[in-house]
Amino acid sequence: MRDYVKLTDRDNVAVVTHDTPKGVELLPGVVTRDEIPQAHKFALVDIPKDGEVIRYGVVLGYALDEIKKGAWINEYMLRLPVSPSVDNMPWGVNIKKDLPQAPRKTFLGYRNPGFYAGTRNILGIQTTVQCVEGVLNVAVEKIKRELLPKYKNVDDVTAVTHAYGCGVAIKAPNAKFPIRALQNIAKHPNFGGQLMVVSLGCEKLTVDMLVGEENNTPENVIVLQDCKGFDAMISAICDMAEKKLKILNERRREELPLSDLLIGMQCGGSDAFSGVSANPSAGYAADMLVQGGATVLFSEITEVRDGVHLIAERCVSEEVRNKLADEMRWYDKYLLDGEVDRSANPTPGNKKGGLSNIVEKAMGSIAKSGTSPIVEVLSPAERPTKHGEIYAATPASDIVCGPCQLASGIGLQVFMTGRGTPYGLAAAPVIKVCSRNEMKEQWPDIIDISAGDVVTGEKNISDVGTELFNFILDVASGIKQPYSEKYKLHNYLCIFNPAPIT
Ligand code: CA
């Protein structure tokens, strides 16, 4: 078991694999000058004031004061470098062809003509507005109790509730983000094309806007203001749900090529090991999936921003590179308008986990995208049109990225964490991968896979990556359940709305 991890030859810092006391000689001539917490950095050489602090082969920041060899380096000791420019980024100069072979090329999914397959068979009940949630939640409880057990091929019933729909500036240019997200979630592959909408009747987000005029029929839509009292509302919702459940119950899994599989990658509660173990393992699995024909989304704009030039190099065309740059510019302005910058991202937990700043967090975060060519860039909540590795721009917030990726149509999400989060989604399974073994020991029944043995040197990234690849296909095929699905750890859908509230 190793005591520290140094990532590239250029690095002048390394991270300790466990809490390390003062006075330990970690490398010949490098003796710890402080007590160094697990995952935190120490200097491998004397770094002068204003000198570069390098990890992942990139400059994380500049030393505010001289840092002595063996000293602990924390978030208070670095000055953040300027973000890389998004103008004229070279594209297509790092197109990797020799991806790791996918050991399996098919999975068992629900065919979904014209789009990616479903991984689950779920009745999704859409809402046009928050106002209906209370009534709908009562109805869903009743549906789960009285109806769902009769339809054995249906996995679940979920109400797609949200804070949008009314009291919002629906004509604001940025209203396109929440509207597109809700429109696309209604078309999620796990809902099997069965539309069911509960509306209030006076909201700004009309049924026509949500699902199209052609779908606004009495077979698909219940308007609460047209119902005579509460009991009639519950009866109407349950009656419609039963008709939809009967149709969904006829769906069957089929053996499908991986080209029918769309998955999302996300991380949250990251630590300084995330970029050493969990995210690179996920990246290896992503490369295998892409090699096998699947499509993989990765997201989180503030966690890509400082490595954006590395993503641009993998873009297959000028058009893809241009859209990447446009998404970054839009978000830079969004943050600027809020009088913050990307340094607003790291959390106290990230810092406790050894991440000094957003550059270090970003370098770890983009590792989960693997090395495959980037074939498309999506705006938040857009649906992909290509197969392969795709950058789907979304905020990095876990509970905002999740719904954005659902809107893009992911059949499942793979979620990497260092500090731990019980986050999950009702509409698609979420697999948890942790960066260190202590996390798995702390939450053995929430974390599905630990990449911690990569930190200690007992396993390679390819070992954990292959294990994760197989787990992803087993979960997609309905053979296995991740813990977040087993325990129904379903977070509220926080829909990204950068437009004004009225
Ligand atoms: Ca996140």
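Residues numbered from 1 in each chain as written. Predicted model: local features only at pLDDT ≥ 70, side-chain atom pairs only at ≥ 80, totals over all residues. Heavy atoms only, no water.

Chemist: Explain the overall build of the protein to me, please; I cannot follow it from the model alone.
Modeler: Helix and strand counts for the protein come out as 14 helices and 22 strands. Against the compact-globule benchmark of 23 Å for 502 residues, the protein has a radius of gyration of 24 Å, which places it among compact chains. C-alpha atoms of the protein, sized along the principal axes, occupy 80 × 45 × 40 Å. Across the 502 residues in the protein, those meeting the buried criterion constitute 59%. The long-range fraction of contacts in the protein, counting pairs at least 24 apart against all pairs at least 6 apart in sequence, stands at 72%. Entry remark: accessible area of the protein is about 19,700 Å², with carbon and sulfur atoms responsible for 51%. The average position of the 55 basic charges and that of the 62 acidic charges among the side chains of the protein differ by 2 Å. (Helix = DSSP H or I, 4+ residues; strand = E, 2+ residues; numbered from the N terminus. Rg over C-alpha atoms; globule rule 2.2 N^0.38 Å. Buried < 20%, exposed > 50% of the residue type's maximum accessible area, 1.4 Å probe, protein only. Contact = heavy atoms within 4.5 Å. Areas by Shrake-Rupley, 256 points an atom, 1.4 Å probe, with all protein chains shown as cover. Lys, Arg positive; Asp, Glu negative; His and termini not counted. Charge placed at Lys NZ, Arg CZ, Asp CG, Glu CD.)

Chemist: Explanation requested: the packing of helix H5 (residues 278–291) against helix H13 (residues 461–476) in the structure shown.
Modeler: Packing of H5 against H13 brings their axes to within 7 Å, and their N-to-C directions diverge by 60°. Here H5 is positioned oblique relative to H13, judged by the angle of their axes. Relative to H13, the crossing made by H5 is right-handed. Within the contact between the two elements, H5 uses Pro-280, Ser-281, Ala-282, Tyr-284, Ala-285, Met-288 and Leu-289 and H13 uses Ile-461, Ser-462, Val-464, Gly-465, Thr-466, Leu-468, Phe-469, Ile-472 and Leu-473. Looking at the contact of H5 with H13 residue by residue, the class counts come to 12 nonpolar, four polar and no charged. (Axes fitted to C-alpha atoms, helices over the stretch in contact; angles between N-to-C directions. Parallel < 35°, antiparallel > 145°, perpendicular 65-115°, else oblique. Left-handed = near helix turned anticlockwise from the far one by under 90°. Nonpolar A, V, L, I, M, F, W, Y, C, P; charged D, E, K, R; others polar.)

Chemist: How should I be thinking about the pairing of strand S10 (residues 106–109) in this particular structure?
Modeler: Walk down a regular strand and you will see the side chains alternate between the two sheet faces. Every second residue of S10 is oriented toward a common face, the buried set being Phe-107 and Gly-109 and the non-buried set Thr-106 and Leu-108. Taken together, the four bridges between S10 and strand S15 (residues 254–257) define a ladder with antiparallel strand orientation. Each residue of the ladder has a partner; that of Gly-109, found in S15, is Glu-254. (Pairing = 2+ DSSP bridges.)

Chemist: Please explain the coordination of the calcium ion as it appears in this structure.
Modeler: For a metal with four tetrahedral donors the ideal donor-metal-donor angle is 109.5 degrees, whereas six octahedral donors ideally subtend 90 or 180 degrees. Summarising the metal site, the calcium ion is bound by the protein donors Gln-266 (OE1), Cys-267 (O), Glu-300 (OE), Ala-396 (O) and Asp-398 (OD), whose distances to it range over 2.2 to 2.5 Å. Read in sequence order, the donor residues coordinating the calcium ion give the pattern Q-C-x32-E-x95-A-x1-D. According to the relative accessible area criterion, Cys-267 is buried, its value standing at 2%. (Donors = N, O, S within 2.8 Å, 3.2 Å for Na, K, Ca; no water.)

Chemist: How do you make sense of the packing of helix H2 (residues 176–186) against helix H10 (residues 398–408) when you look at a structure like this?
Modeler: Geometrically, a packed helix pair is captured by the angle between its two axes and the distance between the axes. At their nearest, the axes of H2 and H10 sit 7 Å apart, and the two run at 55° to each other. Comparing their axes, H10 and H2 come out oblique. The two elements H2 and H10 meet at a crossing, and its hand is left-handed. Between H2 and H10, the contacting residues are Ala-181, Asn-184 and Ile-185 on the first element and Pro-403, Leu-406 and Ala-407 on the second. Split into classes, the residues belonging to the contact of H2 with H10 amount to five nonpolar, one polar and no charged.

Chemist: What is the right way to look at the nonpolar core in this model?
Modeler: Soluble globular proteins tend to bury their nonpolar side chains together. Counting residues in each nonpolar core, the largest one holds 61 residues, and the members touching the most others are Leu-324, Tyr-391 and Ile-472. Apart from residues lying up to four places away in sequence, Tyr-391 is in contact with Phe-298, Ser-299, Glu-300, Ile-301, Val-304, Leu-324, Met-328, Ile-374, Glu-376, Val-377 and Leu-378. Formed by 42 residues, the second largest nonpolar core is a distinct cluster that contains Ala-169, Phe-191, Leu-425 and Ile-495. (Core = buried A, V, L, I, M, F, W, Y, C linked by side-chain atoms within 4.5 Å.)

Chemist: Before we go on, may I ask you to explain the pattern of salt bridges in this structure?
Modeler: Taken as a whole and judged by the stated rule, the model has 27 salt bridges. With its nearest N and O atoms 2.7 Å apart, the salt bridge here joins Glu-360 to Arg-55. Placement of Glu-360 in helix H9 (residues 358–365) and of Arg-55 in strand S6 (residues 52–55) is noted, with a sequence separation of 305 residues between them. Residue classification places Glu-360 among the buried residues on the basis of a relative accessible area of 0%. Linked by salt bridges that have partners in common, Lys-41, Arg-55 and Glu-360 make up one network. (Salt bridge = Lys/Arg side-chain N within 4 Å of Asp/Glu carboxyl O.)

Chemist: Would you explain unusual backbone geometry in this entry?
Modeler: Both trends apply: most residues other than glycine have a negative phi, and most peptide bonds are in trans. With a phi close to 80°, Ala-39 is a non-glycine residue in the positive phi region. Structurally, the position occupied by Ala-39 is in the loop between strand S4 (30–31) and strand S5 (41–43). Of note, the phi angle at Lys-488 is positive, near 55°, even though the residue is not glycine. By the secondary structure assignment, Lys-488 is in the segment after helix H14 (483–486). Among the residues examined, Lys-488 registers a relative accessible area of 48% and is labelled partly exposed.

Chemist: Just checking my understanding: could you explain the sheet that holds strand S9 (residues 78–79) for this structure?
Modeler: Backbone-to-backbone hydrogen bonds pair the strands of a sheet. The strands run either parallel or antiparallel. Taken together, three strands build an open sheet; the order of strands is S6-S7-S9 and the sheet is antiparallel. Edge positions in the sheet fall to S6 and S9, since each of these pairs with one other strand and no more. Of the strand pairs in this sheet, strand S7 (residues 58–63) and S9 are connected by two bridges, and their pairing is antiparallel. Looking at the pairing, Tyr-62 lines up with Arg-79 of S9. On the sheet, H9 packs against S6 and S7 and is oriented at approximately 165° with respect to S7.

Chemist: What am I meant to see in the side chain of Lys-361 here?
Modeler: Looking at the element boundaries, Lys-361 is found in helix H9. Among the polar contacts listed, one links the side chain of Lys-361 to the side chain of Glu-303, at a separation of 3.3 Å. (Polar contact = N/O pair within 3.5 Å; in protein donor to acceptor, adjacent residues only side chain to side chain.)

Chemist: Looking at this model, I keep getting lost on the state of the cysteines. Mind explaining?
Modeler: Note: disulfide means a covalent bond formed between the sulfur atoms of two cysteine side chains. Summed over the entire model, instances satisfying the criterion amount to zero disulfides. Of all cysteine sulfurs, the one in Cys-267 lies closest to Cys-434, which takes part in no disulfide; the gap is 14 Å. A disulfide-free cysteine, Cys-494 has its sulfur positioned 9.2 Å from the sulfur of Cys-404, the nearest such atom. (Disulfide = S-S within 2.5 Å.)

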